[in-house]
Amino acid sequence: RLREPENEKIVPAVFPSVDISGIITQIKPEEKPGIKPWNKISNDDIRGVLDGTCLGLITELFSRVTKPRLPLEAALLKAIVIAGCALSERDEKPRNNLSDYLKIGPGLARVYIDTALGQVANVYAMLAANSASGKDIGNILDLLAKHFNWGIATAGSAEGIADALIARNNGLITISEFSKWLNPNHWQHYATVFLTEAFNKGFFKHSFSARGGTSLRAADYCYPNIMANIQPEVFESIVNKLDISDGFLGRFLYCKMPEFFGNPAKIDPADTMNKLIICVETFRRKRGIVTVPEGYLGSLSEMFKKESPPSLHPNWRRLVNEYGPRFAVMLSITNDLSTQSEKVILTDRAWAGAEKLILWFFSHAEKMLSGIEDGNEFIKLREKLFKRVFKAV
């Protein structure tokens, strides 16, 4: 077994310095007056953040499935999602030092991030990438989810997803084509209301409609994880501003993959999966209350208040307040044996890395969200036509 009994020494995991993507290198922009802080963070900066960490090795292993290697944008997003699944598991050893008010939702998490009344390190992530680009070659994320019994759905109604989350509280939903979920006229769209609440509430009690009346579903612990794929032009044609600022999409990490054509690479499946399982088990070893400093990432918040477009304020607030501590926890596991024990140790390096990840993800959110406008279908179709004409010219 990979998990060590408490009375035995921990076998150290080694996360070597690796080339995280090995393919597309983003050129750093020239330092010009007025350039925004988030546009100064390159892919190479993020590779530096990941170097020697468990999250970095998972990212590198995900990137191996294609030739040339899968871009950092896709591999890192998948690594963060699987780390979120591991860290958001329920604690099977209840903590007696918590008050009765906290013995539900976040208080039952194995890793409890101590902000307000607590948060948990689950992840909603969306990758914008062209169809047939190679982003899903290997299906490693699904295979890992199957190994740990985390996979619960690729599609489903609110009732069905609720039932699945009762059985597997940190379940992973993998969505190959996200457009149906975002279409208000499609039946899968109705599940997004439930998943919006489930992201950070941590428990639910719902009476869903059923034949002959209603059906009650309830869970005292519920933190789903989502990995969704969508084509960039489809995203632009469907989404409105309200969806981003006050709804389901406001909970997501966004990443836009550069144009990429990956072919299947020849890899050793047993070796790759064994290494991934060892890394994930290192995350699963973590347990306890993670104390974060008062006013954490406050300087980053002040910068965003002054520098970011008002329409994107909801996005950076989610990144700073909720994903920031999650990133710090994920980056805290390194080659240092002391970081691989049960206790989460948030170092200055982990917080500095979390800051860079926030800036990097915000730059991707800006690429995807800045052009989103409210309007009727006629206006959207006209804008789409204008874009096609402009591209042709």
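Above this note sits the structure.
No experiment lies behind these values; they were computed from the predicted model shown.

S.K.: Honestly, the sheet that holds strand S8 (residues 225–230) in this entry has me stumped. Any pointers?
M.R.: Backbone-to-backbone hydrogen bonds join strands into a sheet, with any given pair of strands oriented parallel or antiparallel. What the five strands build is an open sheet, ordered S4-S5-S8-S3-S9; its pairing is parallel. The open sheet is flanked by strand S4 (151–153) and strand S9 (253–256), the only strands paired with a single partner. Strand-to-strand twist of the sheet, defined as the mean angle between neighbouring strand axes without regard to direction, takes the value 25°. Summarising the sheet, strand S3 (residues 124–128) and S8 pair through five bridges and their orientation is parallel. Its bridge partner being in S8, Ala128 is matched across the sheet by Ile230. Sheet strands touched by helix H3 (residues 72–87): S3, strand S5 (172–175), S8 and S9. Its angle to S8, the strand with the most contacts, is close to 160°.

S.K.: Any chance you could explain the packing of aromatic side chains here in plain terms?
M.R.: Two measures describe an aromatic ring pair: the distance that separates the ring centres and the angle between the ring planes. Going through the model one piece at a time under the given rule, you end up with 20 aromatic pairs. With 6.0 Å between their ring centres and 50° between their planes, Phe178 and Phe248 make a pair best called tilted. In this pair, Phe178 is assigned in the loop between S5 and helix H6 (179–182) and Phe248 in the loop between helix H9 (241–246) and S9, connecting sequence segments 70 residues apart. Each member of the pair, Phe178 as well as Phe248, is classed as buried. Judged by centre distance (6.0 Å) and plane angle (50°), the rings of Phe199 and Tyr323 are tilted. Taken together, the residues span a long stretch of sequence, with Phe199 in helix H7 (residues 191–201) and Tyr323 in helix H12 (residues 313–331) at a distance of 124 residues. Like Tyr323, Phe199 is buried. Grouping aromatic residues by their ring pairs yields a cluster made of Tyr124, Phe178, Trp181, Phe199, Phe248, Phe252, Tyr323, Phe327, Trp360 and Phe361. Over the ring of Tyr323 we find Arg326, and its NZ or CZ is 5.4 Å from the ring centre.

Conventions used here
- Residues numbered from 1 in each chain as written.
- Predicted model: local features only at pLDDT ≥ 70, side-chain atom pairs only at ≥ 80, totals over all residues.
- Heavy atoms only, no water.
- Pairing = 2+ DSSP bridges.
- Helix = DSSP H or I, 4+ residues; strand = E, 2+ residues; numbered from the N terminus.
- Axes fitted to C-alpha atoms, helices over the stretch in contact; angles between N-to-C directions.
- Contact = heavy atoms within 4.5 Å.
- Phe/Tyr/Trp six-rings, centres within 6.5 Å; stacked < 30°, edge-to-face > 60°.
- Buried < 20%, exposed > 50% of the residue type's maximum accessible area, 1.4 Å probe, protein only.
- Lys NZ or Arg CZ within 6 Å of the ring centre and 35° of its normal.

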